[in-house]
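# Tertiary structure, described
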Amino acid sequence: MEKVYKVVEKITFGLLSPKLIKKIAAAKIVTPELYDREGYPVDGGLMDIRLGVIDPGLRCKTCSGKLKECLGHFGYIELARPIIHVIYAKTILNFMLCTCKECGRASLEDAEIEKHVQRLKRYEEQNNADAFRKYTKLVRNLAKANKKCPHCKAKKELVKIEKPTNYVMEEGNKRMFPNEILAWMERIPDNDCYILGCNPEYSRPNWMIQTVLSIPPVTIRPSITLETGERAEDDLTHKLGDIVRINQRLFENLNAGAPEIIVEDLWDLLQYHITTYYDNEITQVPPARHRSGQPLKTLSERIKSKEGRFRHNLAGKRVNFAARTVISPDPRIAFNEVGVPTEIAMELTVPTRVTEWNLEWLKKFIQNGPKAYPGANYVITSDEKKKKISPESQQQIVDELVVGQIVERHLIDGDISIFNRQPSLHRLSIMCHKIRIFPGKSFRLNPAVCAPYNADFDGDEMNLHIPQTEEAQAEAESLMEVQTQIISPKHGLNVIGCVEDAITGLYLLTKEISMPKDEAIQLLISIGVDKPERFRKFKENVSGKEVFSAILPEDFNFVGFSKEYDGKTVGDPEKTAGYVYVKNGKMMNGVIDANTIGEGNGTLLRDIHRTYDTVTAVDLYGRIFRLGNAVLFKRGFTIKTSDADMLPEVETKVRKVVEDALSEVDGFISEYKKGNLKPMPAKTVEATLETQILHKLNKARNEIGKIIQRSSNPTNSTIVMAQCGAKGKVLNLAQMAAIVGQQALRGKRVEKGYRNRTLSLFKENDLSPAARGFIRHSYKKGLNPVEFYFHAMTGRDSLMDTALRTPKSGYLYRRLANALQDMKVEYDFTVRDANQSIVQFSYGDDGMDVSKTDNGTIDVKKIIEGVRGE
Amino acid sequence: MASEKYDVAKHVLVPKHTKLSEEESQKVLDKFNVTARQLPKISKTDPTIKELDTKPGDVIEIERKSPTVEKTKFYRVVSSA
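About the thresholds
- Residues numbered from 1 in each chain as written.
- Chains lettered and ligands numbered in written order.
- Predicted model: local features only at pLDDT ≥ 70, side-chain atom pairs only at ≥ 80, totals over all residues.
- Contact = placed C-beta atoms within 7 Å.
- Helix = DSSP H or I, 4+ residues; strand = E, 2+ residues; numbered from the N terminus.
- Axes fitted to C-alpha atoms, helices over the stretch in contact; angles between N-to-C directions.
- Parallel < 35°, antiparallel > 145°, perpendicular 65-115°, else oblique.
- Nonpolar A, V, L, I, M, F, W, Y, C, P; charged D, E, K, R; others polar.
- Pairing = 2+ DSSP bridges.
- Core = buried A, V, L, I, M, F, W, Y, C linked by C-beta atoms within 7 Å.
- Buried ≥ 20, exposed ≤ 12 C-beta atoms within 10 Å, placed from the backbone.
- Domains from an automatic or database assignment.

### Some points on the interface of chain B and chain A
Between chain B and chain A, the residue contacts involve 11 residues of the former and 10 residues of the latter. Considering each element in turn, the side of chain B that touches chain A owes the most residues, three residues, to strand 4 (residues 71–79) of chain B.

### Let's talk about the packing of helix 16 (residues 501–511) of chain A against helix 25 (residues 717–724) of chain A
Residue and element names in this part refer to chain A. Running from N to C, helix 16 and helix 25 cross one another at 100°; their axes reach a closest spacing of 10 Å. Between helix 16 and helix 25, the angle falls in the class roughly perpendicular. Of helix 25, the residues touching helix 16 (which contributes I503, T504 and Y507) are V720, M721 and C724. Residue composition of the contact of helix 16 with helix 25, grouped by class: five nonpolar, one polar and no charged.

### Examining the sheet that holds strand 13 (residues 386–388) of chain A
Residues and elements named next belong to chain A. The sheet built from four strands is open, its strands ordered 11-14-12-13 with antiparallel pairing. The open sheet has two edge strands, strand 11 (349–353) and strand 13, and neither has a second partner. Strand-to-strand, the axes of this sheet are offset by a mean angle of 25°, without reference to chain direction. On top of the sheet, helix 12 (residues 359–368) reaches strand 11, strand 12 (376–380) and strand 14 (406–410); it is set at about 60° to strand 14, its chief contact.

### Quick look at the pairing of strand 3 (residues 59–65) of chain B
Residues and elements named next belong to chain B. In terms of strand pairing, strand 1 (residues 16–19) meets strand 3 through four bridges, oriented antiparallel. By the bridge assignment, H17 is partnered in strand 3 with I62. Two strands pair when backbone bridges link them, and strand 3 and strand 4 are joined in this way by seven bridges, in the antiparallel orientation. Directly across from K65, in strand 4, lies its bridge partner K71.

### Some remarks on the nonpolar core
Residue and element names in this part refer to chain A. Of all hydrophobic cores here, the largest spans 100 residues; its most connected members are C498, I503 and L506. Per element, the largest residue contribution to this core is nine residues, and it comes from helix 22 (residues 614–635). Two domains each provide a minimum of three residues to this core, namely domain 2 (322–485) and domain 3 (501–635). The residues touching L506, leaving out its near neighbours within four places in the chain, are C498, F548, I592, I597, L627, G628 and V631. Residues I92, A143, L213 and L240 belong to the second largest nonpolar core, which totals 59 residues.

### Quick word on the environment of K727(A)
By the secondary structure assignment, K727(A) is in the loop between helix 25 and helix 26 (730–737). For K727(A), the contacting residues outside a window of four places in its chain are E500(A) and M721(A).

### Some points on the domain arrangement of chain A
We note that the domain assignment places domain 1 (83–207), domain 2 (322–485), domain 3 (501–635) and domain 4 (824–868) within chain A. Distance between the C-alpha centres of domain 1 of chain A and domain 4 of chain A: 57 Å.

### Description of the pairing of strand 3 (residues 159–162) of chain A
The sheet contact formed by strand 3 of chain A and strand 4 (residues 166–169) of chain A spans four bridges and is antiparallel. The residue bridging K160(A) from the neighbouring strand is V168(A), located in strand 4 of chain A.

### Topic: the sheet that holds strand 5 (residues 175–176) of chain A
The three strands lie next to each other as 3-4-5 (chain A), forming an open sheet whose pairing is antiparallel. If you trace the sheet from one side to the other, it starts and ends with strand 3 and strand 5 of chain A, each paired once.

### Overview of the environment of L767(A)
Residue and element names in this part refer to chain A. For L767, the position within the fold is in the loop between strand 26 (748–749) and strand 27 (774–775). Under the C-beta neighbour-count criterion, L767 is labelled partly exposed, with 17 such atoms within 10 Å. For the pair formed by L767 and S424, sequence separation is 343 residues and the distance between their alpha carbons is 48 Å. When sequence neighbours within four positions are dropped, the list of residues in contact with L767 reads I669 and R772.

Here's what the structure looks like:
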């Protein structure tokens, strides 16, 4: 087909006039029959080959194109009597209310009409569609208000609509037939049309009442051949068949001079068929059905709603070369890799162009065929023919393989892929990974990249796409690969960092572990560090810090703080506690924990990213992650129930703190009962009491947390995890070991339940901690029934809260993202929308690129020191 | 207070609004290389500019506090609606 390129300057919507319908039609349809006895389309039938062809082998009579060459042509039928178009029924009524039935003029004075015309013309010139539309509405209301025609002085006919397509005169309840209305609409002069909001150049009110009906090409309503050889027609063809049949009968009856009742019945039936042809979901009309009882899918159902053309076909894109399965963790692969099951690797392919250098290599793939890994599924020959590789064709294809052909080979290690987890809320939800082939059925991914995808392994599934051209692969690799996304654009912090075991491992390594030389070397070699010159420097006993230093580059310097740091002491980084100091690739002081290598605040990782190129940085990250895990593999790490045991003297201390707090709370309550409690500013006495009680009880719990932390054994694994930030807080241990504490419902103590009390076993207005959801036992000791009940209450509340909030906030975010999607920071730092209108005069008021900062701040001193080489 | 209407522009939370002269507003438009239509709008009936004697098309300069920079200047053009 010939291609025509033109720029679309403007689009005007209008109605098809009967004249135009006939003009664009390739055929007039006169018979409801579809095929003759040989199964050949009947001339003048709905499948007429002048309307296009859907059978292979036939040629279109209009354009002589074959199937897929001919896009189809419209036809038309002449209706025996005019028919109201349902969609315009209301618009027609509007015209009836605004004009005179006798002379067809709008119910306004000539001078007035002229004034409105001028004004509307002006709006049209200004391209101000909104004002145009508003003004025509105003004019319509003016015309409607006039009860007498100013031109022929006739009294205005008041018409009602009887849904969906019948019109009744209010006076005498007499029905008005479409032919009368058609005559009326034809009488309305062009200028009057124009001021009522209908540009007569493109659409006239009388065109809303149809005298001819356009028949869509067969190509948009193809019939399908069932296995039985029977033909099943499209819903639209069925509907059109009904219309043509009834129309024929109406013609015959009219010609035979049948009584008016019969004609009217047929006319209404035709109206029904045409109405449901446009829209089969009108409330007042019973939907037209198949013989099976299932409603027909006619024109408007094809377009609207979720399954319609827009949302299903146009906005909803489907792609090939994609895979989806469950994800599972594998800390041993790099974080920019993804493990792909062999099964998937044999289905997804990469088109590889044959060159003289890879000819022999590709031959091996073809020899393996589609059923052995690594094989190939198709070969595209130089004349663009696709050949399937099968055991029979295999040898011939190998022999004929020449430079320039394309082999669609199976995925192999190192191929480029795009990996995605829905909901794709931000840039990091779709990243590029290199492929690693594994047995099994799940995608493997490094747990370090769970955070940007927001993935976990409780059954999450993810999607994988294979870019099919070299351009796409190069683009994905350079723009979307995981290592290009380490720093989050929203705050300039690293989103990828060590998680759980890796943090614990490095913490233990740098804090307490030391090992013999051979073990240290073995450990380092196992994670891929092979630096003999460094190993030679090891003494007989190697400290953990030295092992960690061995993976760092020799020119790396770093000053940071661990979680131990109190936030104020300033001192020599080499000696002061809380400092983490690396000098020339050698760790001098401190321990590694979540503050230096964790996700979100890994200062060490960020410095590496800033100092070195991506390849080095990724390599380093991989080593850091793997070292942490390897240390834990070697050492072993477990938590046990005795982690939550307390020494007798600690237990006494804890009990004392609890009892002191409870008696103090009792004091508050009795003060309150006596009326001696002084209200705090802006609070009632009751609220003051509540605040004081909550404050006291929370303080007691925090104090117990501290006691537990201080008294616990340094080998206590639960404490170790909490201290290095790998998992859990000290509070969680305190809840297990000592006391669960106050249960809060919406920020308050428990109040709900019975009248003035929480449970029937308490006295009314009992304000004591025990009656308001205070749990003084620990998880380990066990809760009593009342405590258990309160605990279940808050548990259920938070469960419901998350279940209800997630979809709400998700939709909120979606709307926000859609509203802001074309905002852009321009080169002059202004934030502008798609019209180049200014939204903010300087991005964030300071014009700073947040992704280049540390959580919104820039440490100028550090930069100066860096430049001066200090 | 009862007879006089309260001027919201004097409230502590309302940033300082000033009307720019022809030349000043032209300078602003030139600085950002925009037409008046591309600036954010402010209604001519907005209480904060009631005392400023403005007409549609005037540019209002607003001096706001900002969490990132102490003070910032914002410009809005008076719209007829």
